[in-house]
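Coordinate inspection notes
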Amino acid sequence: MTPAEALESIRRAGISGAFVVSGHARQRMRERGAGLRDVRNAMATATQCRAQETGRWRTDGGVDDDGDELSIVVVFDGGTIVVTLY
């Protein structure tokens, strides 16, 4: 998968809500005061995506509902996008 393909999949998932939030991400969301709408918006508005050594993809340039930048890390797991927060 190319970064452009990953970004497009992540943006579509953010728009449609077709993703799973990991337990780790839920904990990080609570710590950062981020809600599910913030995560969806950050995914849908991400402008860049890059592969990480761990097989995960990190997005940058996306914003939460308040317009604050929020980076999202995802794993593609058999057609399911699993989100963890960075």
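Since we're looking at a predicted model, the values are computed, not measured.

By the alternation rule, side chains of strand β3 (residues 57-60) split into Trp-57 and Thr-59 and Arg-58 and Asp-60, which are all buried. With four bridges joining them, strand β2 (residues 48-51) and β3 adopt antiparallel strand pairing. Of the residues in β3, the one forming a bridge with Arg-50 is Arg-58. Taken together, β2 and the strand that follows it, β3, pair antiparallel across an intervening segment of five residues, in which Gly-55 is found at a positive phi of about 90°. Where β3 lies against strand β4 (residues 72-77), three bridges are found, and the strand directions are antiparallel. Looking across to β4, one finds that Thr-59 is bridged to Ile-72.

Here the focus is the sheet that holds β4. In space, the five strands of this open sheet follow the order β1-β5-β4-β3-β2, with mixed pairing throughout. Each having just a single partner strand, β1 (20-21) and β2 make up the two edges of the open sheet. Direction of pairing for β1 relative to strand β5 (residues 80-85): parallel, over a ladder of two bridges. Looking at β5, one finds that Val-21 is bridged to Val-83. Its contacts with the sheet put helix α1 (residues 3-16) on β2, β3, β4 and β5, and the angle it makes with β2 is roughly 120°. Strands in contact with helix α2 (residues 23-32) are β1 and β5; relative to β5, the strand with the most contacts, it is inclined by about 40°.

About the cut-offs
Residues numbered from 1 in each chain as written. Predicted model: local features only at pLDDT ≥ 70, side-chain atom pairs only at ≥ 80, totals over all residues. Heavy atoms only, no water. Buried < 20%, exposed > 50% of the residue type's maximum accessible area, 1.4 Å probe, protein only. Helix = DSSP H or I, 4+ residues; strand = E, 2+ residues; numbered from the N terminus. Pairing = 2+ DSSP bridges. Contact = heavy atoms within 4.5 Å. Axes fitted to C-alpha atoms, helices over the stretch in contact; angles between N-to-C directions.

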